[in-house]
Amino acid sequence: MQRQNVAEVEYADWFLKFCVSISWRILTYAIQRDLIVHFSEAQKRESTQALARWAQFLLDEVAHPGRFEQRLVLLGAIGRAPKGRQFQPNVNRYFMRSVDVDLANSESSAFTFAKIGPFALFGMIEFVERWQGTKITANGGTVGPRQYELPRGIFDYWMERAKHHSQSYRKISAAQQEKLVADIRFNPERFLNSGTFEAMEHDVRMFGRDAFWNHKLESAADE
């Protein structure tokens, strides 16, 4: 995976609280709306404990989130899938530009997920596999390009989220689509210098016309 031109940046203790506050909001929303029905009974109990521990940490009642850690991955342009895996044709736009929120689980893991551009944040509720190079610590640290060791299932999870985003964009109304096209045509230089265009270029190199679901937008980008 090719990271964008981002230097390593130091963070202080406030950053962990910022991450925990995002995970706490996602899990609170999910529990209040009964969106964890697909969790196992053990994962539901862990979710309740995670929510309580995160709240204690945010209120300075404990020094760290305990086992309910925050894990951060910095994403960037990608040119090939891991062996045996397949891409979604919007993979780079998803990795580099999208905003996403989710609550996910498998038989052995559960987490909240928040993605803002290239920053992918996991609020760990239950996990057993290695997430090397991702932990946000209470005493500060650094965020930047590095090698990560992630569970193999995470790539498949990201591809499902990319597919979900593509399907959501397909539901954009005709009026909204026309507005997007008009904005590109009004200021093409701004669009050509944007991170969105850079991500689109990566997808086009990999998938050609299949990278586009909306050929009106494709035509506007070509002008």
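The following paragraphs examine the structure supplied in this document. Predicted model only: the values in this text are computed from it and were never measured. (Residues numbered from 1 in each chain as written. Predicted model: local features only at pLDDT ≥ 70, side-chain atom pairs only at ≥ 80, totals over all residues. Heavy atoms only, no water.)

## What about the side chain of S109?
Consideration 1: Along the polypeptide, S109 turns up in the loop between strand 3 (99–105) and strand 4 (110–116).
Consideration 2: For S109, a relative accessible area of 14% corresponds to the buried category.
Consideration 3: Residues in contact with S109, not counting those within four places in the same chain, are Q43, A104, E126 and F127. (Helix = DSSP H or I, 4+ residues; strand = E, 2+ residues; numbered from the N terminus. Buried < 20%, exposed > 50% of the residue type's maximum accessible area, 1.4 Å probe, protein only. Contact = heavy atoms within 4.5 Å.)

## What to know about the nonpolar core
Consideration 1: Core analysis: the largest hydrophobic core is formed by 25 residues, its most contacted members being F95, F111, F113, F122 and W158.
Consideration 2: Broken down by secondary-structure element, the contributors of at least two residues to this core are strand 2 (70–74), helix 3 (91–97), strand 4, strand 5 (119–126) and helix 4 (153–169).
Consideration 3: Among the elements that line this core, the one with the most residues is helix 4, at 6 residues.
Consideration 4: When residues no more than four places from it in sequence are discounted, the contact partners of F122 are E69, Q70, R71, V73, F111, T112, F113, W131, I154 and W158. (Core = buried A, V, L, I, M, F, W, Y, C linked by side-chain atoms within 4.5 Å.)

## Topic: the sheet that holds strand 2
Consideration 1: Taking strand neighbours across the sheet as the criterion, the 4 strands line up as 2-5-4-3 in an open arrangement whose pairing is antiparallel. One side of each edge strand has no neighbouring strand; the edge strands of this open sheet are strand 2 and strand 3. Strand-to-strand twist of the sheet, defined as the mean angle between neighbouring strand axes without regard to direction, takes the value 15 degrees.
Consideration 2: Bridge count between strand 2 and strand 5: 5 bridges; the pairing is antiparallel. By the bridge assignment, R71 is partnered in strand 5 with F122.
Consideration 3: Its contacts with the sheet place helix 1 (residues 14–32) against strand 2, strand 3, strand 4 and strand 5, and it is angled at close to 115 degrees to strand 4.
Consideration 4: Against the sheet, helix 4 touches strand 2, strand 3, strand 4 and strand 5, its axis set at about 130 degrees to strand 3. (Pairing = 2+ DSSP bridges. Axes fitted to C-alpha atoms, helices over the stretch in contact; angles between N-to-C directions.)

## Focus: the packing of aromatic side chains
Consideration 1: Considering all chains together, one arrives at 15 aromatic pairs under this definition.
Consideration 2: Ring plane angle 50 degrees and centroid distance 6.2 Å describe the contact between F122 and W158, whose orientation is recorded as tilted. A residue pair is termed long-range when its members are at least 10 positions apart, and F122 in strand 5 and W158 in helix 4 qualify at 36 residues. For the residue pair F122 and W158, the accessibility class agrees, reading buried in each case.
Consideration 3: Taken together, the ring pairs in this structure connect Y94, F95, F111, F113, F122, W131, Y157 and W158 into an aromatic cluster. (Phe/Tyr/Trp six-rings, centres within 6.5 Å; stacked < 30°, edge-to-face > 60°.)

## Details of the pattern of salt bridges
Consideration 1: Following the criterion strictly, the structure yields 11 salt bridges and no others.
Consideration 2: Linking E8 and R146 is a salt bridge whose minimum nitrogen-to-oxygen distance equals 3.6 Å. Of the two residues, E8 sits in the segment before strand 1 (9–11) while R146 sits in the loop between strand 6 (141–143) and helix 4, which places them 138 residues apart along the sequence.
Consideration 3: In this structure, D60 and K17 form a salt bridge, with 2.1 Å as the shortest nitrogen-oxygen distance. Of this pair, D60 sits in the loop between helix 2 (41–58) and strand 2 while K17 is found in helix 1, placing the two residues 43 residues apart along the sequence.
Consideration 4: One salt-bridge network, in which partners are shared between bridges, spans E69, R71 and K135. (Salt bridge = Lys/Arg side-chain N within 4 Å of Asp/Glu carboxyl O.)

## Quick look at the pairing of strand 2
Consideration 1: For strand 2, the buried fraction is high: 5 of the 5 residues fall into the buried class.
Consideration 2: Burial along strand 2 is two-sided: the residues Q70, L72 and L74 and R71 and V73 are all buried.

Note that every value here comes from positions in space, so none of it alone points to a role or purpose.
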